[in-house]
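Architecture at a glance
Chain residues, written in single-letter form:
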Amino acid sequence: MRLPRRPRLLLPVAIALVAIVALFFLFSGIYTDYLWFNAIDFMPVFSGVLLTEIVLFVIGAVLMVGIVGGNMLLAFRTKPMFGPAMFGGASGADRYRMALDPHRKLIFLVGMAMLALFAGSSFAGQWQTWMKFANGETFGKTDPMFKIDVSFFMFDLAFIRMVLNFLFAAVIISIVLAAITHYLYGGFRLQSPGVHASRAARIHLSVLLGVFVLLKAIAYWIDRYELVFSERGFVHGASYTDVNAVLPAKTILAIIALICAALFFAGIFRPGGMLPGVSFGLLVLSAVLIGGVYPLLVEQFQVKPNQQGKEAAYIARNIEATRQAYGIDDVKVEQYSAEADPAKVQQAGDTSVTGVRLLDPALVSNTYEQTQRIRGFYEFADQLDVDRYPDANGKPVDHIVGVRELSGPPEGQNNWINRHLVYTHGYGIVAAPGNKVDSGGLPDYDAKDMPVTGPLTQTTGLKESRIYFGEHPNNNEYAIAGGNPQRPQELDYPETGGTGQANTTYTGKGGVPVGSFVNRLFYAAKYGEVNILLSGDINDNSKILYERNPRARIQKVAPFLTLDSNPYPAIVDGRVTWIVDAYTTSNAYPYSQSESLGEMTRDTATDRSRVIAQQPQDQVNYMRNSVKATVDAYDGTVTLYAWEPDDPVLKTWSNAFPGVIQPKERMSADLRAHVRYPEDLFKVQRYTLSRYHITDAAAFYSGQDFWNVPNDPSQGDRNIKQPPYYLTATMPGGQPTFSLTTTFVPRQGPNLAAFMAVDSTDGPNYGQLRVLRMPSNAPIPGPGQAQNAFQSRFAGELNLLGVGASSVRYGNLLTLPYAGGLVYIEPVYVQVAAGGGQEPYPILQRVLVSFGSKIGVGRTLEEGLAEVFGGEQQETTENKPAEENQQQQPAQTTALATAISEAQTAYEDAQKALQASPPDWDAYGKAQERLDAALEKLKSLGAQPAPNASPTASPTASPSATPTGSPPATPTGSPTASPTATATGGT
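The paragraphs below set out a description of the structure included in this document. (Residues numbered from 1 in each chain as written. Predicted model: local features only at pLDDT ≥ 70, side-chain atom pairs only at ≥ 80, totals over all residues. Heavy atoms only, no water.)

Quick notes on the overall build of the protein
Broken down by element type, the protein carries 27 helices and 33 strands. Residue burial in the protein is summarised as follows: out of 987 residues, 53% are buried. Look at the contacts in the protein between residues 6 or more apart in sequence, and 70% of them connect residues 24 or more apart. (Helix = DSSP H or I, 4+ residues; strand = E, 2+ residues; numbered from the N terminus. Buried < 20%, exposed > 50% of the residue type's maximum accessible area, 1.4 Å probe, protein only. Contact = heavy atoms within 4.5 Å.)

A short note on the packing of helix H6 (residues 150-184) against helix H7 (residues 199-225)
For the pair H6 and H7, the least separation of the axes is 10 Å and the interaxial angle reads 160°. Judged by the angle between their axes, H6 and H7 are roughly antiparallel. Crossing handedness for the pair H6 and H7: left-handed. Taken together, the residues of the contact of H6 with H7 break down into 23 nonpolar, three polar and three charged. (Axes fitted to C-alpha atoms, helices over the stretch in contact; angles between N-to-C directions. Parallel < 35°, antiparallel > 145°, perpendicular 65-115°, else oblique. Left-handed = near helix turned anticlockwise from the far one by under 90°. Nonpolar A, V, L, I, M, F, W, Y, C, P; charged D, E, K, R; others polar.)

Comments concerning the sheet that holds strand S5 (residues 385-390)
One open sheet holds the three strands; their spatial order is S5-S6-S9, and the pairing between them is antiparallel. Because the sheet does not close on itself, it has two edges, and the strands there are S5 and strand S9 (429-433). Pairwise comparison of adjacent strand axes, ignoring direction, gives a mean angle of 40° for this sheet. Across six bridges, the pairing between S5 and strand S6 (residues 396-403) is antiparallel. (Pairing = 2+ DSSP bridges.)

Section: the sheet that holds strand S15 (residues 543-545)
As summarised here, the arrangement of the three strands in space is S11-S15-S14, forming an open sheet in which the pairing is antiparallel. Two strands in the sheet have a free side with no partner beyond their single neighbour: strand S11 (479-481) and strand S14 (512-513). Sheet topology note: the S14/S15 ladder contains two bridges and is antiparallel. Looking at S15, one finds that Pro513 is bridged to Lys543.

Considering the nonpolar core
Counting residues in each nonpolar core, the largest one holds 199 residues, and the members touching the most others are Leu640 and Phe657. Sort the elements by how many residues they give to this core and H6 lands first, with 16 residues. Contact partners of Leu640, with chain neighbours within four places excluded, come to Phe42, Ile554, Ala558, Val627, Lys628, Ala629, Val660, Ile661 and Gln662. In this structure, Leu752, Tyr810, Leu848 and Ile855 belong to the second largest nonpolar core, which totals 21 residues. (Core = buried A, V, L, I, M, F, W, Y, C linked by side-chain atoms within 4.5 Å.)

A closer look at the environment of Ala431
Along the polypeptide, Ala431 turns up in strand S9. We classify Ala431 as buried; its relative accessible area is 1%. Separated by 44 residues in the primary sequence, Ala431 and Asp387 place their C-alpha atoms 9.3 Å from one another.

Regarding the pairing of strand S32 (residues 841-851)
In terms of residue burial, S32 counts as a mostly covered element, since 11 of its 11 residues are buried. Summarising the sheet, strand S31 (residues 821-832) and S32 pair through 10 bridges and their orientation is antiparallel. Bridge pairing links Tyr829 to Leu844 in S32. Alignment of S32 against strand S33 (residues 854-858), held across five bridges, turns out to be antiparallel. Within S33, the residue paired with Leu848 across the bridge is Val857. What sits between S32 and S33 in their antiparallel hairpin is a turn of two residues, with Gly852 showing a positive phi close to 65°.

Side note on the environment of Gly66
Relative to the assigned elements, Gly66 resides in helix H2 (residues 43-77). For the pair Gly66 and Ala116, spaced 50 residues apart in sequence, the C-alpha separation works out to 9.6 Å.

So, the pattern of salt bridges
The final tally for this structure, using the stated rule, is 24 salt bridges. A salt bridge links Arg388 to Asp387, with the nearest nitrogen and oxygen atoms 3.6 Å apart. Considered together, Arg388 and Asp387 belong to a single accessibility category, that of buried residues. If you follow the salt bridges from partner to partner, you end up with Arg161, Asp223, Glu226 and Lys250 in one network. (Salt bridge = Lys/Arg side-chain N within 4 Å of Asp/Glu carboxyl O.)

Remarks on the packing of helix H8 (residues 240-266) against helix H10 (residues 307-325)
Where H8 contacts H10, the axes come no closer than 8 Å and their chain directions differ by 100°. Taken together, the axis directions place H8 and H10 in an arrangement best described as roughly perpendicular. In this structure, H8 contributes Tyr240, Val243 and Asn244 to the contact, and H10 contributes Lys310, Glu311 and Tyr314.

Quick notes on the side chain of Ser279
Among the secondary structure elements, Ser279 is positioned in helix H9 (residues 274-303). Note on Ser279: relative accessible area 0%, which makes it buried.

Details of a nonpolar patch on the surface
Side chains of Phe280, Val284, Leu285, Val288, Leu289, Val293, Leu297 and Phe301 sit close together on the surface and give an oily, nonpolar patch of about 750 Å² of accessible area. Locating Leu289 in the fold gives a position in helix H9. Judged by relative accessible area, which is 43%, Leu289 ranks as partly exposed. (Patch = residues over 30% accessible without salt bridge, like charges linked within 9 Å, V, L, I, M, F, W, Y side chains within 5 Å. Areas by Shrake-Rupley, 256 points an atom, 1.4 Å probe, with all protein chains shown as cover.)

Notes on the environment of Glu369
Relative to the assigned elements, Glu369 resides in helix H12 (residues 364-372). The exposure class of Glu369 is buried, given its relative accessible area of 14%. Sequence spacing of Glu369 and Arg404 is 35 residues, and the spatial spacing of their C-alpha atoms is 8.6 Å. Not counting the four nearest positions on each side in its chain, Glu369 is found in contact with Glu379 and Phe380. At 3.0 Å, the side chain of Glu369 forms a polar contact with the backbone nitrogen of Phe380. (Polar contact = N/O pair within 3.5 Å; in protein donor to acceptor, adjacent residues only side chain to side chain.)

A few points about the pairing of strand S12 (residues 490-494)
The element S12 is largely enclosed, with a buried count of five among its five residues. Looking at chain direction, S12 and strand S13 (residues 501-504) are connected through four bridges and run antiparallel. Residue pairing across strands places Pro494 opposite Gln501, the latter belonging to S13.

From the geometry alone we can't say anything about function, so treat these as descriptive.
Next comes the structure, spelled out in structure tokens:
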């Protein structure tokens with residue numbers, strides 16, 4: 001049935017309109033990308049990637065269509081002259097041919113177009129593989145088995161495999177479609193007895209099958225080189241079975257495949273199916289017996305009974321390659337006596353830990369938010385960052401740093417204009433020294449408020465505080481800034497008086513101009529937002545800012561890099577700048593152990609992150625911190641610096657994109673002062689070193705000295721690793737240095753096995769990994785044991801802090817070398833539920849210290865250290881003779897009641913100060929001092945309140961009795977100082 005004339009005419013018009021709309025949106029994406037890359041001066045990346053993708057698309061499409069289409073045309077043109085009749089008349093294929101034949105040209109063209117689209121897209125998607133192959137640099141190192149430069153495995157092998165896979169796909173599709181064509185047009189028939197084929201069909205299909213088997217022979221030969229990535233043995237890399245069974249088997253199979261290919265080609269000259277059948281059977285049988293059964297027998301009967309001896313040489317290869325690939329081959333491992341004698345410390349006068357960072361970047365995020373958010377539409381990151389800034393004397397001090405980012409318009413005001421034209425940016429950086437707090441236990445800010453004030457702003461010369469580019473999810477949306485400078489409409493910051501807000505107009509060089517109708521049209525199409533096209537607030541000065549997250553911005557200009565999950569802000573040359581560590585990674589380093597990047601970097605910090613970093617490739621066996629990247633928080637300028645210029649992978653990408661990566665000599669001195677050793681690389685290295693600190697193959701096989709990264713003791717029973725910590729540490733024989741530190745425990749047991757730190761300050765020792773190995777004949781308490789000791793020793797005293805609506809939270813448990821031993825330092829916070837609409841937030845109240853068998857507590861670190869190292873611990877009433885206790889009980893009972901009453905009064909005064917609007921911090925600090933004095937009096941009287949004790953209780957006849965009849969110290973569901981208390985670490 002034919003369609004009426006008018007619908008038949010409308011159909012092509014509708015198809016054309018759909019095609020035009022699709023092409024318009026496709027072009028709008030390409031055009032806006034061009035504008036974006038041009039605006040940030042990264043056109044070589046845009047043009048290089050686009051040109052490469054176009055060329056690869058054309059090559060893939062042409063090759064696929066040429067091979068497949070050519071074989072289909074050949075099959076059609078060699079159809080029998082007399083059609084199906086030559087095999088005895090009609091068959092079931094005739095009706096299919098009759099239905100398809102009138103439309104065969106259209107079907108062929110549409111089919112080839114779809115095949116070209118899929119093949120070209122697949123080939124274009126491999127642009128990185130091609131670029132690495134075309135621009136690869138040599139490593140100057142050879143693999144131990146084939147004696148070929150490592151670059152062959154890193155850059156060339158993947159490209160060869162890509163071409164082989166493409167040709168396999170083309171030949172297989174050609175065989176299938178050529179066979180269908182021959183069948184439809186009478187080239188062969190499936191009928192009894194057997195298959196009847198014309199000479200042309202037989203020759204054609206024999207050649208195609210011969211080409212397929214020839215490609216299989218090449219694939220077998222290439223498989224030999226991929227044995228360096230084998231996972232068959234005890235470790236990754238070619239094992240004993242691979243070298244002595246699989247390698248010769250692959251060689252033999254390649255030869256057999258060549259013979260089979262020749263037999264298929266011989267079918268051209270000899271009719272019948274004997275030669276193809278024999279070759280196919282020989283290929284399958286040899287693949288099963290030689291390629292499968294023989295290696296299995298060798299593994300089962302030679303290797304498994306003697307695995308340690310057989311695999312020793314190959315384990316040694318894996319150890320050497322893994323240590324090189326992860327950059328841990330030059331780690332310094334030192335034996336450390338870890339003596340824990342406080343008397344020696346007192347004599348030595350070691351003060352290296354007195355300025356250690358106490359503020360936990362994860363816990364005090366809430367404190368920053370409640371005390372420095374200013375307005376509800378600003379937020380700080382869930383986890384703040386640690387950096388260094390000079391104090392009044394010019395000495396670098398660890399600081400806890402955060403930026404005040406915009407979360408979006410207030411509720412009820414979230415319209416398009418406010419969201420994209422008014423609320424465009426955050427404002428201000430907030431920083432506080434990590435080693436001290438004010439009298440109320442709050443961070444002692446040296447950069448705060450809006451506009452930013454404080455001594456840090458003078459020492460750093462901060463000139464620009466606006467945050468147009470940041471980590472908050474709100475930055476995933478675009479902002480249109482600029483506009484009319486005579487009528488500024490962008491909210492800058494709240495102020496007192498007038499309208500209650502100061503407005504500004506963006507004047508930065510970042511962003512894409514959207515004043516022209518064309519640009520507005522294409523961005524309206526990109527975001528599906530007609531307001532961009534129609535709004536009268538957008539003029540010739542307006543710019544659209546998007547891709548505003550620092551990681552997303554860098555990933556777009558450098559898709560060949562893997563980025564660290566934790567960008568951090570710093571004041572660099574008077575501007576807030578995001579610093580992001582970037583890595584060159586690969587999973588093709590021969591003999592190196594391949595692991596999941598996500599699993600190696602997973603710990604408390606990554607679990608707590610608002611957005612877990614999504615990496616381009618998860619399995620890696622090679623990693624270098626080759627690039628330091630920066631993003632200006634005001635104008636979005638992206639700069640890439642070659643931090644490890646000798647890395648062959650970085651050299652390869654520099655060859656592919658000349659001029660994109662700047663030499664590190666162009667980094668300013670101010671920027672270099674804020675460079676730090678990257679977290680993700682350190683986590684990968686500690687994960688690897690937990691096993692690969694062992695360099696002897698036999699000891700590695702036994703695994704008796706393998707380590708684990710300890711679970712975070714602040715997370716209770718959660719099986720989650722403790723994060724590494726940035727802090728200033730002093731390694732034995734060294735000076736205080738900003739470092740990244742971690743600990744190890746044995747695979748079985750809670751004791752401390754080792755302490756590791758890396759110098760994180762730019763200089764000659766930057767990146768030097770040092771491991772202090774604990775003695776194996778003396779147990780040194782591990783982090784979990786130290787946490788348990790703290791909770792057992794001070795449960796009563798800390799619970800007195802967590803009464804009422806407050807709760808106790810533990811901060812990051814720091815481990816540091818100190819005076820020949822190891823000291824544990826842990827801040828303890830009281831999370832108060834303040835009034836005035838504020839959320840609960842923690843305030844630093846105590847510092848716990850442990851050294852050997854001695855532990856202490858104080859309001860400051862100095863007090864805690866003095867309690868541990870100032871002499872013998874105070875004797876409690878439990879240690880005194882019974883007679884003396886009985887004589888002192890009445891007086892102690894009265895004193896105990898007085899102390900409890902004083903503690904209760906001080907606590908109530910502190911709560912009143914907190915619930916005032918705004919909170920009265922002076923009164924709170926004085927109340928806390930009185931509470932401290934009362935608690936010290938209780939402690940001196942020998943009172944050890946039980947975990948549920950409360951100052952509201954009345955004393956009993958016994959001076960050490962637990963007060964009864966009082967409410968629980970902490971509300972249900974709130975963390976307490978018991979072993980199950982909520983506490984967090986941080987980095």
